[in-house]
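# Structural overview for review
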Amino acid sequence: MSSGSGRAAAAVAVTGVGAVSAAGLGAETCWARVCAALPTARADPLLAGSGARVSCRVPAFDATALLGASVARRTGPFIQYALVAAGEALRQAGLDPVDWDGARVAVVTGSAFGGAPSWAEQARRLAAGGRVAPLAVPMFMTNMAAGYLSLALNARGPSLAVGTACASGASAIGLAAGLLRDGSCDLALAGGSEAAVDRLTAAAFARIDALATRATDPATTCRPFDRARDGFVLAEGAAMLVLERATDARARGARVLAELAGYAASADAHHPTSPDPAGRGLEAALRGALAAAGAGPGEVDHVNAHATGTPLGDLAEARTLHRLFGPDLPVTAAKGALGHTLGAAGALEAVLTVLSIDRGLVPPTANLTDPDPAVELQVVRGVPLRRRSGLALSTSAGFGGQNAVLAFAAP
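Presented here is a report on the structure given in the accompanying data block.

Reading the values: rules and limits
Residues numbered from 1 in each chain as written. Predicted model: local features only at pLDDT ≥ 70, side-chain atom pairs only at ≥ 80, totals over all residues. Heavy atoms only, no water. Helix = DSSP H or I, 4+ residues; strand = E, 2+ residues; numbered from the N terminus. Rg over C-alpha atoms; globule rule 2.2 N^0.38 Å. Buried < 20%, exposed > 50% of the residue type's maximum accessible area, 1.4 Å probe, protein only. Contact = heavy atoms within 4.5 Å. Areas by Shrake-Rupley, 256 points an atom, 1.4 Å probe, with all protein chains shown as cover. Lys, Arg positive; Asp, Glu negative; His and termini not counted. Charge placed at Lys NZ, Arg CZ, Asp CG, Glu CD. 1 Å grid on protein atoms, 1.4 Å probe; cavity = no way out; pocket = protein on both sides within 12 Å on 5 of 7 lines; lining within 4 Å. Points joined across faces, edges and corners; volume = space filled by probe spheres on them. Nonpolar A, V, L, I, M, F, W, Y, C, P; charged D, E, K, R; others polar. Salt bridge = Lys/Arg side-chain N within 4 Å of Asp/Glu carboxyl O. Phe/Tyr/Trp six-rings, centres within 6.5 Å; stacked < 30°, edge-to-face > 60°. Core = buried A, V, L, I, M, F, W, Y, C linked by side-chain atoms within 4.5 Å. Pairing = 2+ DSSP bridges.

Attention shifts here to the overall build of the protein. In terms of helices and strands, the protein carries 15 helices and 16 strands. Since a compact globule built from 411 residues should have a radius of gyration of about 22 Å, the 20 Å found for the protein is in line with a globular shape. Overall size of the protein, expressed as C-alpha extent along the three principal axes, is 65 × 55 × 40 Å. Evaluated residue by residue, the protein yields a buried proportion of 60% over its 411 residues. In the protein, once contacts between residues fewer than 6 apart in sequence are set aside, the share between residues at least 24 apart is 79%. Counting every atom, the protein has about 15300 Å² of accessible surface; 56% of that belongs to carbon and sulfur. In the protein, 34 positive and 33 negative side-chain charges are present, and the distance between their average locations comes to 3 Å.

Take empty space enclosed by the protein next. Inspection of every chain in the model, using the stated rule, returns two cavities of 30 Å³ or more. If you add up the space inside the largest cavity, you get close to 60 Å³. What lines the largest cavity is Leu 47, Ala 52, Arg 53, Val 54, Leu 211, Ala 212, Thr 221, Phe 232, Val 233 and Leu 234. By residue class, the composition of the lining of the largest cavity is eight nonpolar, one polar and one charged. Computed from the structure, the second largest cavity encloses a volume of approximately 40 Å³. Among the secondary structure elements, those contributing two or more residues to the lining of the second largest cavity are α14 (335-338) and α15 (345-359). A per-element tally of the lining of the second largest cavity places α15 first, with three residues. Residue composition of the lining of the second largest cavity, grouped by class: four nonpolar, three polar and two charged.

Here we take up the pattern of salt bridges. Overall, the coordinates contain 21 salt bridges when judged by the stated rule. The partner of Asp 186 in a salt bridge is Arg 245, with the nearest N and O atoms 2.9 Å apart. With a gap of 59 residues between them, Asp 186 in the loop between α9 (168-181) and β7 (187-194) and Arg 245 in strand β8 (residues 237-245) connect regions that are remote in the sequence. One salt bridge connects Arg 245 with Asp 248, and the closest N-O pair in it is separated by 3.3 Å. Using a relative accessible area of 32% as the deciding quantity, one classes Asp 248 as partly exposed.

For the rest of this paragraph, the subject is the side chain of His 306. Within the secondary structure, His 306 sits in the loop between β10 (302-304) and α13 (311-325). If sequence neighbours within four positions are ignored, His 306 has contacts with Cys 166, Glu 317, Lys 335, His 340, Glu 349, Thr 395, Ser 396 and Ala 397.

Counted under the stated rule, the structure contains five aromatic pairs. With centroids separated by 4.5 Å and ring planes inclined at 45°, the aromatic side chains of Trp 119 and Phe 140 adopt a geometry described as tilted. Of this pair, Trp 119 sits in helix α6 (residues 116-127) while Phe 140 is found in helix α7 (residues 136-140), placing the two residues 21 residues apart along the sequence. For Phe 140, a relative accessible area of 17% puts it in the buried group. For the pair Phe 205 and Phe 232, a centre-to-centre distance of 5.2 Å together with 80° between the ring planes defines the contact as edge-to-face. Here Phe 232 lies in the loop between α10 (199-207) and β8 and Phe 205 lies in helix α10, a separation of 27 residues in the sequence. The exposure classification of Phe 205 matches that of Phe 232, with both residues buried. Taken together, the aromatic side chains of Phe 113, Phe 205, Phe 232 and Phe 399 make up a single cluster linked through ring pairs.

Here we come to the nonpolar core. If you look at the biggest cluster of nonpolar residues, it comprises 48 residues, and the most contacted ones within it are Val 17, Ile 173, Leu 241, Leu 243 and Phe 408. The dominant element in this core, judged by the number of residues it contributes, is α15, at eight residues. With sequence-adjacent residues up to four places away left out, Leu 241 is seen in contact with Val 14, Gly 16, Val 17, Ile 173, Ala 188, Leu 189, Ala 190, Ala 347, Ala 350, Val 351, Val 354 and Phe 408. Val 58, Phe 78, Ala 93 and Leu 153 belong to the second largest nonpolar core, which has 32 residues in total.

Our focus in this paragraph is the pairing of strand β15 (residues 391-398). With seven of eight residues buried, β15 is to be regarded as a mostly interior element. Looking at chain direction, β10 and β15 are connected through three bridges and run parallel. The residue of β15 that forms the bridge with His 302 is Ala 392. Note: β15 against strand β16 (residues 402-409), eight bridges, orientation antiparallel. Residue pairing across strands places Gly 398 opposite Gln 402, the latter belonging to β16. The hairpin turn running from β15 into β16, its antiparallel successor, is three residues long, and Gly 400 in that turn takes a positive phi close to 90°.

Right, let's talk about helix α8 (residues 144-153) for a bit. Within α8, eight of the 10 residues are buried, leaving the element largely enclosed by the surrounding structure. Along α8, the residues classified as buried are Met 144, Ala 145, Ala 146, Gly 147, Tyr 148, Leu 149, Ser 150 and Leu 153.

Shown next, in the form of structure tokens:
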């Protein structure tokens, strides 16, 4: 890392992380599953007739036990996952809403589909002659993960919802860091949540051949960077990070897991759903995040890649990473283990990148058994790579040509 005083003055610390994923509850559960390269994909009979046979659902999630009957009744899963992930992150950060000035606390969440499955369920009720739920509208609205977090935590600072498709979680984290740097808040909860594993969403993705369908074993369906990859697996989950100025975190004696040193976003302006094969937008975001971090390509120690397992997307990303960093930089991809959580993916992968820096490990890429020779990268597979990372990047991309890159640094 470069040692300019500008970065030190603007340093944003990550002091807590939380996750809900197909691995189960908790960031540690998610980390352990990814490090073991154990896929979470399972056959999903509830998707019958949609064109999808497999999903990565959150297992054994009891919203009433975790959040109380009232909240469970009034909210949909994407809101519930965000609430649980945020609670874990705050506990790790050693923060209690009772002790803070809520006017100086921001919440920024991202989601691609928000309450779309709740919308579909209410539409089925109406079509069957029934009545929609009294609080159906807030179940639908994408901003209500942030809204309910603000209510639960008495957070009265900026409360924002970001919609940049599958880059939403990363975009939310980057925007929250900007709020800290410009003085709009003193503390921010940021991340993404998604619960869009339903027949309608699956059928829509299947219609454009985005989903993996060829594998006979459900667990091996999503294969990032593998020669046999043929699409992604729908997944659900959430991840939240506690962000604060590094000076404030150290003043209160908090343990800093990593620093968010840079963020940048860009658009491909190429196609509504296909990535730019030249990767120009992604390269711009990578260079922008490095510039914000005051670093060059040679200072990056590993990349947590977006890599969904689609033939075009993985190749375009791999070529861009190779062009910028060469063939020897370690790269990991989590979606072989966790599936594609859409708007939550960037946040979950941000958590994994933070833990990689904190633990000195780069997780392997699940289901990578026959690496695509066109992917000229050192993709980690088999077992975690022991590597102390001073600077690591997490890339995200989404329909509409969205790109977002987060640069995390060792504290």
